[in-house]
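Observations on chain architecture
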Amino acid sequence: MTSIADREFSVLGTRPIRHDGLDKVVGRAVYGADIKLAGMVHGAVLRSPYPHAKLLSIDTSKAEIIPGVLAVVTGKDLPVAQSKLLDLTEEITTARFASDRVLAGEKALFRGHPVAAVAAVDLNTAQEALKSIEVSYEVLPAVFSAADAMAPDAPILHEHLVGKDLGEKITGTNVAEHMRQDAGDVDAAFAIADLVVDRTFHIPSAHQGYIEPQNATAFWGQDGKITVWTSTQGPFPLRGAVASILDVPMSDIKVVPLEIGGGFGGKINAYLEPVAALLSKKCGRPVKIVMDRRSVFEATGPAPGGTVRVKMGAKSDGTIVAAQSEIHYGAGAYPGASINGASTCMFACYRIENVRIDAYDVVINMSKTAAYRAPGTPQATFASECVVDELAAGLGIDPIEFRLKNAVSEGDRRADGMAYPAIGYVETLEAIKYSDHYQSPIGEPGEPTKKRGRGLASGFWQGAGNRSTVTLSVTDDGDVMLVEGNTDIGGTRTTIAMQAAEILGLPAEDVHPSVVDTDSVGYTDLTAGSRTTYATGAAAVKAAEQVIKEMTGRVAMIWETDAENIEFSRGTFSNAIAGDQTMTFKEVVSQL
């Protein structure tokens, strides 16, 4: 294979200093907890101690008269949310569920569920005021696993939930959805398999564990305009969520994304932003709320856990002939446990003609799950890869050879029917197979009580394209300002700037990227789904190509020739019919 270092790139493949590096090293970068605004006050949230309870009454009168308390809100202060779909890219929910998640309505559905919030002149006063709020609960039985929630006598979390069972509507259930991917004749294929492995895996939910807690600062002005400052992976989807929850026009909301101290998919959903906005509307001042660590773990979304049963059969020569799975994921208190991603990806590395996957999205009394690095997929893939290894071992075939024999390539179809374009799975396996690491002897362990081994696993993620916007402007000194809408978690300012620089023939340091608010750039989807460097990079490439096109016309005017005669390569313009005429990118700018 040809590495990137072997290709004719000037910028890609190099290691420039990250554009955001200095600010983060010296402490100038502004994170959610750093924001300070004139007149800003502090908010705190009262959370349910019970995982499932009716809210009989909430008395906030004592808190409201405490000196320094400026506003108190409950779920009754939220407008009645509509049932319309809310697309957060990594999660599709309804505005009603999203609204109920930020401030409980009729019931608390998980421990840590917000039931009220206070804004005060300082954080201590706000936290003390929470103790004066009197909440009367009727505690209800709770379920904490998909299996318990699916039991015939299980308590129902949402009396009005309409679930789907293979497309058919069902009521009186905790099963939000049962979906199936089906191809071929699975039962007949298992009958001809020489080896069948059938295992069930119990997988706990896992939180993203980002260092920076969830945060939000909001100001709801007298003109009706709302500004939100927050650490988010998706300022535009968040703007839509806040608009739907608060029932205000999207054009009245501006989201200012701040630096992100870790996300991994966990900083997409709206948690504090609508609450801070409501408090701000009541007190007329900016309100900042920062979660404590306990609330982060109790009330923000982990990856779903549950059970994954995997059954796979293979012939003696190593050909996988059948695969079957049953996935039960606990979605948390509201539907949406990423069962589609799990179903699509778990067998996606292998060419299997007979596949059946049944997946269940089940509500349980825990905080709603959220994206976590390929939502829903690592859990199911862990299970399927364990079975693949067991099949290889049972047939006496090297695990790489077993995977190579069954590896998908261009034109093969997944269980959901999608045909692959050109992919590099075979090449990846071969690179591993012939690597020094894999070819080296394992060696003996240093102690007799220890063992040495070498592991191997494959995974698939479909990636996302979606929408991105990049604006480039050339300064008088020939540097380039790059404006983008994707928040930067892992260095994407630099990876996107490098792509623009490659097209323009400039050093990466001469392209200056900035992440701006939702009023200052066109719509851009999440920094998630492994899309940012790819999709926003493509927007940067197209914008850079447009810059070159515009400058080519200017060069043609300067040299009094047709634009068709102007060539551009590695930062230099030349005249195809007058070889002595050349100008660098920056020389052209100096003459404009």
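Before going into details, it helps to say that this report is about the structure given with it. (Residues numbered from 1 in each chain as written. Predicted model: local features only at pLDDT ≥ 70, side-chain atom pairs only at ≥ 80, totals over all residues. Heavy atoms only, no water.)

**Brief notes about the environment of Ala-218**
Within the fold, Ala-218 resides in strand β13 (residues 215-220). For Ala-218, a relative accessible area of 0% translates into the label buried. Placed 298 residues apart in sequence, Ala-218 and Val-516 show a C-alpha to C-alpha distance of 17 Å. Not counting residues up to four positions away in its chain, the partners in contact with Ala-218 are Thr-227, Val-228, Trp-229, Glu-273, Ala-276, Ala-277, Ser-280, Arg-285, Pro-286 and Val-287. (Helix = DSSP H or I, 4+ residues; strand = E, 2+ residues; numbered from the N terminus. Buried < 20%, exposed > 50% of the residue type's maximum accessible area, 1.4 Å probe, protein only. Contact = heavy atoms within 4.5 Å.)

**Here's the deal with the sheet that holds strand β22 (residues 511-515)**
In a beta sheet, neighbouring strands are held together by backbone hydrogen bonds and run either parallel or antiparallel to one another. In space, the 3 strands of this open sheet follow the order β20-β21-β22, with mixed pairing throughout. The two strands at the open ends of the sheet, each matched to only one other strand, are β20 (470-474) and β22. Neighbour-to-neighbour, the strand axes of the sheet open up by a mean angle of 20 degrees, direction not taken into account. With 5 bridges connecting them, strand β21 (residues 480-484) and β22 associate as parallel partners. Each residue of the ladder has a partner; that of Met-481, found in β22, is His-512. Packing of helix α15 (residues 492-504) onto the sheet brings it into contact with β20, β21 and β22, and relative to β21 it is tilted by some 135 degrees. Packed onto the sheet, helix α16 (residues 532-559) meets β20 and β21 and runs at close to 35 degrees relative to β20. (Pairing = 2+ DSSP bridges. Axes fitted to C-alpha atoms, helices over the stretch in contact; angles between N-to-C directions.)

**A closer look at the side chain of Lys-433**
Relative to the assigned elements, Lys-433 resides in helix α13 (residues 425-433). According to the relative accessible area criterion, Lys-433 is buried, its value standing at 19%. With residues near it in sequence (within four places) discarded, Lys-433 still touches Ile-400, Glu-401, Leu-404, Tyr-438 and Gln-439.

**Comments concerning the side chain of Asp-361**
Assignment of secondary structure puts Asp-361 in strand β19 (residues 355-363). We note that Asp-361 is buried and unpaired, the nearest opposite charge coming from Lys-368 at a distance of 6.9 Å. At 2.8 Å, the side chain of Asp-361 and the backbone nitrogen of Gly-336 are in polar contact. In terms of polar contacts, Asp-361 uses its side chain to reach the backbone amide nitrogen of Ala-337, at 3.2 Å. Once residues within four sequence positions are removed from consideration, Asp-361 is found in contact with Asn-174, Val-175, Ala-176, Glu-177, Tyr-329, Ala-331, Pro-335, Gly-336, Ala-337 and Ile-339. (Lys, Arg positive; Asp, Glu negative; His and termini not counted. Salt bridge = Lys/Arg side-chain N within 4 Å of Asp/Glu carboxyl O. Polar contact = N/O pair within 3.5 Å; in protein donor to acceptor, adjacent residues only side chain to side chain.)

**Here we look at the environment of Thr-125**
Note that Thr-125 resides in helix α4 (residues 123-130). A C-alpha to C-alpha distance of 57 Å links Thr-125 and Val-388, two positions 263 residues apart in sequence. Look past the residues within four positions of Thr-125 in its chain and what remains in contact with it is Ile-66, Pro-67, Gly-68, Val-69 and Ala-120.

**What to know about the packing of helix α12 (residues 399-406) against α13**
Any two packed helices are characterised by the angle at which their axes cross and by the distance between the axes. In the contact formed by α12 and α13, the axes pass within 10 Å of each other and the chain directions differ by 160 degrees. By the angle between their axes, α12 is roughly antiparallel relative to α13. Where α12 crosses over α13, the two elements pack in a sense that is left-handed. For the pair formed by α12 and α13, the contact residues are Ile-400, Glu-401, Arg-403 and Leu-404 on the first element and Tyr-425, Val-426, Leu-429, Glu-430, Ile-432 and Lys-433 on the second. Partitioning the contact of α12 with α13 into residue classes produces 6 nonpolar, no polar and 4 charged. (Parallel < 35°, antiparallel > 145°, perpendicular 65-115°, else oblique. Left-handed = near helix turned anticlockwise from the far one by under 90°. Nonpolar A, V, L, I, M, F, W, Y, C, P; charged D, E, K, R; others polar.)

**Notes on the pairing of strand β17 (residues 306-314)**
By the bridge criterion, 9 bridges tie strand β12 (residues 195-203) to β17 in an arrangement that is antiparallel. Pairing of Val-197 across the sheet is with Met-312, part of β17. If you look at the hairpin formed by β17 and strand β18 (residues 320-332), you'll find 5 residues sitting between the two strands, and Gly-318 has a positive phi there, around 100 degrees.

**With respect to the sheet that holds strand β9 (residues 163-165)**
Strands sit in the order β10-β9-β11-β19-β18-β17-β12 across an open sheet of 7 strands; the sheet is mixed. The outermost strands of the open sheet, each flanked by one partner alone, are β10 (168-170) and β12. Each neighbouring strand pair of the sheet contributes to a mean axis angle of 15 degrees, computed without reference to strand direction. In this structure, strand β11 (residues 175-183) lies alongside β19, joined through 8 bridges in antiparallel fashion. When the sheet's bridge partners are listed, Gln-181 is paired in β19 with Ile-357. Each of β12, β17 and β18 touches helix α11 (residues 377-395); the most contacted strand, β12, lies at about 150 degrees to it.

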